[in-house]
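The lines below spell out each chain.
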Amino acid sequence: MELNRGVAGFVGVSVVLAGLMLAGKQTQDSEKAQAQAYAHAAMWPAGPRQQALMLLERYGSPQRLSEDRMEWDGKGPWKSVVVSADWPLSPLTQTVSCHVSREKLEELARYPHGLTASVRRGELSARSDSEALNFLSLNLGMDILTGQRTPEEANRYFHKAIDLRYAGKSVPYMERLLFGVPQPPTWPAARDWFGNKL
């Protein structure tokens, strides 16, 4: 009995130490990835660099990084967020999960402000130079999908919203998504699986 308790205690301490070592390595890897992302962003043109630095502050290290592109998945309402040095005038692409019917693709294509849709992937994406403009395009895209506005009405509202914003007025269409999006599944923490035995 005494021996079993000793073995159980040793195993418990070993598991805790292994977890701490793994957490330390993950922290070092994360810091290294963050430093690498900042180094890449420093070489980019001003617009993409500004977006990359803002996103690194907000979301931490990207899940995917190359010399000219950073990508995050499942951050906030976004299915994905991409910033690219290859598009200096519109470096920021933000994507939400959204059911898009084939019948609406033609209407969405008539909206001229960086909006794209994928029926197969169930996505609606906006690309511009700022999150505010992406919010505006995605909200107007949803208005088109739900029949609240025609593409031409959405285009007119796009310009009106920008004028209002420059005049210092609040424009909810540019501040947040005005529709709900499905959240990606989250995996439970190890403690949820194993209880308090960790």
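Note that this is a predicted model, so its numbers are computed, not measured.

> What exactly am I supposed to notice about the side chain of Ser 80 here?
The topology assignment puts Ser 80 in strand S3 (residues 78–84). Sequence-distant contacts of Ser 80, that is, excluding residues within four places in its chain, are made with Trp 72, Asp 73, Thr 93, Gln 94 and Thr 95.

> Quick question: what am I supposed to make of the pattern of salt bridges here?
Side chains that carry opposite charge are capable of pairing whenever their charged atoms lie near each other. Counted by the stated rule, this structure contains ten salt bridges. Among the salt bridges present, the one from Lys 104 reaches Glu 107, with a minimum N-O distance of 3.4 Å. Here Lys 104 pairs with Glu 107, and both are found in helix H3 (residues 102–109), just three residues apart, close to one helical turn. With a relative accessible area of 19%, Lys 104 lands in the buried category. Residue Glu 107 is classed as partly exposed on the basis of its relative accessible area, which comes to 23%. A salt bridge links Asp 143 to Arg 149; its shortest N-O distance comes to 2.8 Å. Beyond isolated ion pairs, a larger network of salt bridges with shared partners links Arg 64, Arg 69, Glu 71 and Asp 73.

> Honestly, the layout of surface pockets in this entry has me stumped. Any pointers?
Which parts of space are left empty comes out when a probe the size of a water molecule is rolled across the atoms. Taken as a whole, the largest pocket spans an internal volume of roughly 230 Å³. Around the largest pocket, the lining is made up of 14 residues, and of these Thr 93, Thr 95, Thr 116, Glu 123 and Ser 125 lie nearest the centre. Elements with a contribution of two residues or more to the lining of the largest pocket: S3, strand S4 (92–97), strand S5 (115–118) and strand S6 (123–128). Ranked by residue count, the leading element in the lining of the largest pocket is S6, at four residues. Its residues assigned to classes, the lining of the largest pocket comprises two nonpolar, seven polar and five charged.

> Got a minute to help me understand the packing of helix H4 (residues 131–145) against helix H5 (residues 151–166) in this structure?
The geometry of a pair of packed helices is captured by two quantities: the angle between their axes and the separation between those axes. The contact between H4 and H5 brings their axes to 10 Å, and the two run at 150°. Judged on the interaxial angle alone, H5 and H4 are roughly antiparallel. As H4 packs across H5, the resulting crossing turns out to be right-handed. Counting all contacts with H4, which are made through Ala 132, Leu 133, Leu 136, Ser 137, Leu 140 and Ile 144, the residues of H5 involved are Pro 151, Ala 154, Tyr 157, Phe 158, Ala 161, Ile 162 and Arg 165. When grouped by side-chain class, the residues that make up the contact of H4 with H5 number eleven nonpolar, one polar and one charged.

> I would appreciate a short explanation of the side chain of Ser 128 in the present structure.
Inspection of the secondary structure puts Ser 128 in strand S6. When its relative accessible area of 10% is taken as the criterion, Ser 128 is described as buried. One polar contact links Ser 128 to Asn 134, side chain to side chain, over a distance of 2.8 Å.

Cut-offs and rules
Residues numbered from 1 in each chain as written. Predicted model: local features only at pLDDT ≥ 70, side-chain atom pairs only at ≥ 80, totals over all residues. Heavy atoms only, no water. Helix = DSSP H or I, 4+ residues; strand = E, 2+ residues; numbered from the N terminus. Contact = heavy atoms within 4.5 Å. Salt bridge = Lys/Arg side-chain N within 4 Å of Asp/Glu carboxyl O. Buried < 20%, exposed > 50% of the residue type's maximum accessible area, 1.4 Å probe, protein only. 1 Å grid on protein atoms, 1.4 Å probe; cavity = no way out; pocket = protein on both sides within 12 Å on 5 of 7 lines; lining within 4 Å. Points joined across faces, edges and corners; volume = space filled by probe spheres on them. Nonpolar A, V, L, I, M, F, W, Y, C, P; charged D, E, K, R; others polar. Axes fitted to C-alpha atoms, helices over the stretch in contact; angles between N-to-C directions. Parallel < 35°, antiparallel > 145°, perpendicular 65-115°, else oblique. Left-handed = near helix turned anticlockwise from the far one by under 90°. Polar contact = N/O pair within 3.5 Å; in protein donor to acceptor, adjacent residues only side chain to side chain.

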